[in-house]
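What follows is the residue order along each chain.
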Amino acid sequence: MNSLRRACVVLMAAAGLGAALAPVASADSPRTVAYTAEEGAWPLQGSAHYAAPGDEIAVWEYNGVLKIDVQSGLKDLRVELSAPAGETLRTGTYTGARFRGQSDPALPTPGIFVVSGGFGCGDAYADFTIDRLDASGVDLTFVQRCGAPDAPATRGEVHFTR
């Protein structure tokens, strides 16, 4: 990311609270992204834990999609979550999420898009829970399986406080 993105992170709450600028994380502003993938899971493998300010983490909402970007050295990760068509993403549990590409229209189901190193899953089955989604930040967990509802799972979590 460029130095401007290092200097500020844009968080637009899906609840329509607008855009807020947030400085790079301090010790009292947790910004972490972590995941653990079962053997055979795709596209994420193994496990990872990213934390700002050492790792660059950006969270924002655009066009009804919650976007989480991580840049850590040469490693990158993006997670995108969306509500079913006609709904607004808010706190709660979303089951039966399916792959929604970055330029795809809203789906009748919740949407998920996970990509790392240029690889993603075009046949995702997922559930996610958003515990907090407001101007102060985001807390969420997700479970994604690639290729089949019973495929090996990747479990992840995001904690982002501005």
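Let us look at the structure shown here. Values in this document were obtained by computation on a predicted structure and should not be read as measured data.

Observations concerning the nonpolar core
Among the nonpolar cores identified, the biggest contains 31 residues, and Leu77 and Leu140 are the most heavily contacted of them. The element contributing the most residues to this core is strand E11 (residues 124-134), with five residues.

Here's the deal with the pairing of strand E4 (residues 47-51)
Only one face of E4 is covered, namely the one carrying Ala48 and Tyr50; the face carrying Ser47, His49 and Ala51 has none of its residues buried. Two strands pair when backbone bridges link them, and strand E3 (residues 31-37) and E4 are joined in this way by five bridges, in the antiparallel orientation. If you follow Thr36 over to E4, its bridge partner there is Ser47.

What to know about the pattern of salt bridges
Within the structure shown, the criterion is met by six salt bridges. Between Lys67 and Glu80 there is a salt bridge, and its shortest N-O distance comes to 3.2 Å. With Lys67 in strand E6 (residues 65-72) and Glu80 in strand E7 (residues 75-82), this pair connects stretches of sequence that are 13 residues apart. On the accessibility criterion, Glu80 (4% relative accessible area) is buried. With its nearest N and O atoms 3.0 Å apart, the salt bridge here joins Arg78 to Glu80. When sorted by exposure, Arg78 lands in the same class as Glu80, which is buried.

Observations concerning the pairing of strand E8 (residues 92-99)
If a strand is regular, its side chains alternate between the two faces of the sheet. Summarising the sheet, E8 and E11 pair through five bridges and their orientation is antiparallel. The residue of E11 that forms the bridge with Gly92 is Ile130.

Here's the deal with the packing of aromatic side chains
Applying the stated criterion to the full structure yields three aromatic pairs. On the numbers, 4.9 Å between centres and 20° between planes, the contact of Tyr94 with Phe128 is stacked. Of the two residues, Tyr94 sits in strand E8 while Phe128 sits in strand E11, which places them 34 residues apart along the sequence. Phe128 carries the same exposure label as Tyr94, and that label is buried. Ring geometry for Phe99 and Phe113: centres 5.9 Å apart, planes at 55°, overall tilted. Placement of the pair is Phe99 in strand E8 and Phe113 in strand E9 (residues 111-116), with a sequence separation of 14 residues. Residue class for Phe99 comes out partly exposed when judged on its relative accessible area of 26%. Given a relative accessible area of 13%, Phe113 falls into the buried group.

Basis of the calculations
- Residues numbered from 1 in each chain as written.
- Predicted model: local features only at pLDDT ≥ 70, side-chain atom pairs only at ≥ 80, totals over all residues.
- Heavy atoms only, no water.
- Core = buried A, V, L, I, M, F, W, Y, C linked by side-chain atoms within 4.5 Å.
- Buried < 20%, exposed > 50% of the residue type's maximum accessible area, 1.4 Å probe, protein only.
- Helix = DSSP H or I, 4+ residues; strand = E, 2+ residues; numbered from the N terminus.
- Pairing = 2+ DSSP bridges.
- Salt bridge = Lys/Arg side-chain N within 4 Å of Asp/Glu carboxyl O.
- Phe/Tyr/Trp six-rings, centres within 6.5 Å; stacked < 30°, edge-to-face > 60°.

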